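Observations on the three-dimensional arrangement
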Amino acid sequence: MTATTLDPKTALVVVDLQKGIVGLPTVHPAVDIVANSATLADAFRAKGLPVVLVRVTGGAPGRTDAPMHSGTLPADWAEIIPELGPREGDIVVTKQQWGAFYGTDLDLQLRRRGVTQVVVTGVATSIGVESTARSAHEHGYHVTVVTDAVTDMDGDAHRNSVEKIFPKLGETDTTEAIVKVLG
């Protein structure tokens, strides 16, 4: 599906493009995901639309068969990469779980600004991005996922999210197309 329109009050939500994550081995080069997300952030800022930079600093409690990481993380692990900001007026959301809505004030921040649609980018496609897109959909936002601005550490998981899940949650398109629709 292609992005047919953007609501007048659309926010860009950039998931987990932080120092400790962009260095991980991914399906698509992180440098491309960062560049595309930065292009979108600049376009949204130029239109006076909200840019939300999401970072993860912990994990949800509970036992899992596959822990996300082990050992001590570097001190700057959760810092948002400088290519994205934050810039004046950006919203920074710090989360402790996969999705950007649960346990944060993201929904409140968006509703206060009258936002009705979110455009989502980031890493990892099947974890933070998908969880955020699912929750946005459940909160009643129109959802658009930018397919050339998301990547994952697992190719099969990435493809499943892009091909099977995202079309059920909203629209998908490329950075170039979103910038064009944004005007």
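My aim in this report is to walk through the structure given alongside it, one point at a time. The structure presented is a predicted model; accordingly, all values stated were derived computationally and were not measured. (Residues numbered from 1 in each chain as written. Predicted model: local features only at pLDDT ≥ 70, side-chain atom pairs only at ≥ 80, totals over all residues. Heavy atoms only, no water.)

Our next topic: the overall build of the protein. Assigned secondary structure in the protein consists of six helices and six strands. Mapped from its N terminus to its C terminus, the protein presents α and β elements in the order β-α-α-β-β-α-β-α-β-α-β-α. The C-alpha radius of gyration of the protein comes to 15 Å, within 12% of the 16 Å expected for a compact globule of 183 residues. Counting only C-alpha atoms, the protein reaches 45 × 35 × 30 Å along its principal axes. Sequence-distant contacts, at least 24 apart, represent 84% of the contacts inside the protein between residues at least 6 apart. (Helix = DSSP H or I, 4+ residues; strand = E, 2+ residues; numbered from the N terminus. Rg over C-alpha atoms; globule rule 2.2 N^0.38 Å. Contact = heavy atoms within 4.5 Å.)

Moving on: the environment of valine 93. Mapped onto the secondary structure, valine 93 falls in strand S3 (residues 91-95). Valine 93 sits 28 residues away from threonine 121 along the chain, and the two C-alpha atoms are 14 Å apart. Apart from the residues lying within four places of it in its own chain, the contact partners of valine 93 are Val52, Leu53, Val54, Arg55, Ala100, Thr104, Asp105 and Leu106.

The next point concerns the pairing of strand S1 (residues 10-15). Of all six residues making up S1, six are buried, and the element is well covered by its neighbours. Alternating residues of S1 divide into Thr10, Leu12 and Val14 and Ala11, Val13 and Val15, and every residue in both groups is buried. Sheet topology note: the S1/strand S4 (residues 117-123) ladder contains six bridges and is parallel. Looking across to S4, one finds that leucine 12 is bridged to valine 119. Sheet topology places S1 next to strand S2 (residues 51-56); four bridges connect them, and they run parallel. In the sheet register, leucine 12 faces S2, and the bridge partner there is valine 51. (Buried < 20%, exposed > 50% of the residue type's maximum accessible area, 1.4 Å probe, protein only. Pairing = 2+ DSSP bridges.)

This paragraph deals with the side chain of glutamate 171. Of note, glutamate 171 is situated in strand S6 (residues 171-173). The charged side chain of glutamate 171 is buried without a salt bridge, its nearest counter-charge being lysine 180 at 15 Å. Among the polar contacts made by the side chain of glutamate 171, one reaches the side chain of threonine 4 at a distance of 3.0 Å. (Lys, Arg positive; Asp, Glu negative; His and termini not counted. Salt bridge = Lys/Arg side-chain N within 4 Å of Asp/Glu carboxyl O. Polar contact = N/O pair within 3.5 Å; in protein donor to acceptor, adjacent residues only side chain to side chain.)

What follows is about unusual backbone geometry. Omega for the bond connecting glycine 85 with proline 86 falls within 30 degrees of zero, at 5 degrees, which places this linkage in the cis form. Position of proline 86 relative to the elements: it lies in the loop between S2 and S3. That bond from valine 123 to alanine 124 is cis: its omega, -5 degrees, falls within 30 degrees of zero. Here the phi dihedral of aspartate 16 falls at roughly 60 degrees; this positive angle occurs in a residue that is not glycine. Following the sequence through the fold, aspartate 16 ends up in the loop between S1 and helix H1 (19-22).

Here the focus is the nonpolar core. Core analysis: the biggest nonpolar cluster contains 30 residues, and Leu12, Leu17, Phe44, Leu84, Val119 and Ile178 have the highest contact counts within it. Listing elements by their share of this core, those giving two or more residues are S1, helix H2 (30-46), S2, S4, strand S5 (142-151) and helix H6 (175-182). Examining the composition of this core, we find that seven residues originate from one element, H2, more than from any other. Ignoring anything within four residues of it in the chain, the contact list for leucine 12 reads Ser37, Leu40, Ala41, Phe44, Pro50, Val51, Val52, Val119 and Thr121. With 25 residues, the next largest nonpolar core counts Leu110, Val129, Tyr141 and Ile165 among its residues. (Core = buried A, V, L, I, M, F, W, Y, C linked by side-chain atoms within 4.5 Å.)

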